[in-house]
Each structure stands twice: as C-alpha cells, then as structure tokens.
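Single-letter residue listing:
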Amino acid sequence: MLNEHAKIIKAFSSVGEVVGRKKLQKMIFIAKKLEFPFYEKYNFHFFGPYSEELTLRVEELCNLGFINEVKEKKGGYMQYRYALTDSGEEFLSHFELDLPCLGECMSDMNEQNSRFLELVSTVLYFENLPKEEVQEKVFTLKSKQRYTVEEVEKAYEYIEGLKQRKRND
C-alpha cells in the first residue's frame, strides 16, 4: 500500500539531503524518465514538469516523520531542505526495493543545480519531439531562464550519460 512512498524514501536514502522543492520534483521526474518505477503523474508547470502527487506524498512522509523538512528564509523566498529521518530508514527496511543504480543517478542529479535540472527535465518532457523543436520549446517556455544552445546540448549529453549509467548496471 505504501510502496510508492517507500520508493520516494529510497530516493532520499541515496542522497541524504535534497535542498529545494523544485530540485526534488525534477530529480524524481528525471528518474521516472530513466524508467525507474516512479508513477507520479506530471504536468508541465511554470518551472517545468511538476507532480501534485509527489508534493502530497512528500507532505505525507513529513507528517509521518519519515522525512524531515526544514524551511529556510533565502533572500525573498523560502527554501526547503529535505532529509531522511531514522524513522524513515526503519520504514524503508520493511520493503524489498530492487532499484539498481537509483542511488548513483540520484546522487549525480543532487550534485547539479536546480536550474540545470529544470532544463534537463524540460528536454525530457518533450523528448518525443525532434531536437530542434525541443530547443525552440525551451527557448520559448523558459525564456526567463535564458538558456543557451550550449546548455541545451549539455542537457542532452547529461541525459545520455544517465541513460548509459543505468544500462551498464
């Protein structure tokens, strides 16, 4: 019943801490696109792919005491830090989750900044379109981010690197 919650906890267990709600959303979306078994539904939102389901699951996990959420005032906005608790580790121990390479991929994504993960997730959201159309969508929908052609190319290279890592596992 709480299998989907356990997968989210498993993602946290591999990275320790995630700083930022947006970053967390992008990391799970990218993992889902890499064919890890995350089933949250995503829609395209102001900051790229967004899942209300994931937001609710994380809120539930915080309420259950499995994930700790810390709010920090950063300039003119609130930033959220998420970390797995001992109770979350205990909860996870009751599940047999075979997700090879998830930890490695999540750790790698956690090292990236949220701006780059927003670009990567946007590229993946439109992955069924030709590369030129994806680039146009990025430049149109993400005009405030001022992504460059080089950054879009880096996003494609990063995606390919993650896919290669998963295939080799």
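So, here's what we can say about the structure.

Thresholds applied
Residues numbered from 1 in each chain as written. Predicted model: local features only at pLDDT ≥ 70, side-chain atom pairs only at ≥ 80, totals over all residues. Heavy atoms only, no water. Phe/Tyr/Trp six-rings, centres within 6.5 Å; stacked < 30°, edge-to-face > 60°. Buried < 20%, exposed > 50% of the residue type's maximum accessible area, 1.4 Å probe, protein only. Lys NZ or Arg CZ within 6 Å of the ring centre and 35° of its normal. Helix = DSSP H or I, 4+ residues; strand = E, 2+ residues; numbered from the N terminus. Expected span 1.5 Å × (residues − 1). Salt bridge = Lys/Arg side-chain N within 4 Å of Asp/Glu carboxyl O. Contact = heavy atoms within 4.5 Å.

1. Focus: the packing of aromatic side chains
Scanning the entire structure with this criterion turns up 10 aromatic pairs. Here Y125 and F126 contribute two aromatic rings whose centre-to-centre distance is 5.1 Å and whose plane-to-plane angle is 80°, an arrangement assigned as edge-to-face. Among the residues examined, Y125 registers a relative accessible area of 29% and is labelled partly exposed. Its relative accessible area of 13% is what places F126 among the buried residues. Taken together, the ring pairs in this structure connect F29, Y42, F44, Y125 and F126 into an aromatic cluster. Directly above the ring of Y156 sits K131, whose terminal nitrogen or CZ lies 4.6 Å from the centroid.

2. A look at helix α1 (residues 3-15)
A turn of α-helix holds 3.6 residues, and therefore any two residues three or four places apart point the same way. For α1, built from 13 residues, the straight-helix expectation of 18 Å at 1.5 Å per residue is met to within 8% by its first-to-last C-alpha distance of 19 Å. E4, H5, A6, K7, I8, I9, A11, F12 and V15 are the residues of α1 that are buried. Phi turns positive one or two residues past the end of α1, at G16, with a value near 85°.

3. Points about the pattern of salt bridges
Once the charged atoms of two side chains with opposite charge are near each other, the side chains can pair. Under the criterion given, the structure shown has 14 salt bridges. With a closest N to O distance of 3.0 Å, K7 and E4 form a salt bridge. In this pair, K7 and E4 both sit in helix α1, three residues apart, roughly one turn of the helix. K7 sits in the buried class, given a relative accessible area of 7%. We classify E4 as buried; its relative accessible area is 17%. Between E17 and R81 there is a salt bridge whose closest N-O contact spans 2.8 Å. A residue pair is termed long-range when its members are at least 10 positions apart, and E17 in strand β1 (residues 17-19) and R81 in strand β5 (residues 77-84) qualify at 64 residues.

4. Digging into the environment of L54
Take L54: it is sitting in helix α3 (residues 52-63). Sequence separation between L54 and L24 is 30 residues, and the spatial gap between their C-alpha atoms is 9.2 Å. Those residues within four positions of L54 in sequence are excluded, and the remaining contacts are I8, L24, Q25, I28, E40 and Y42.

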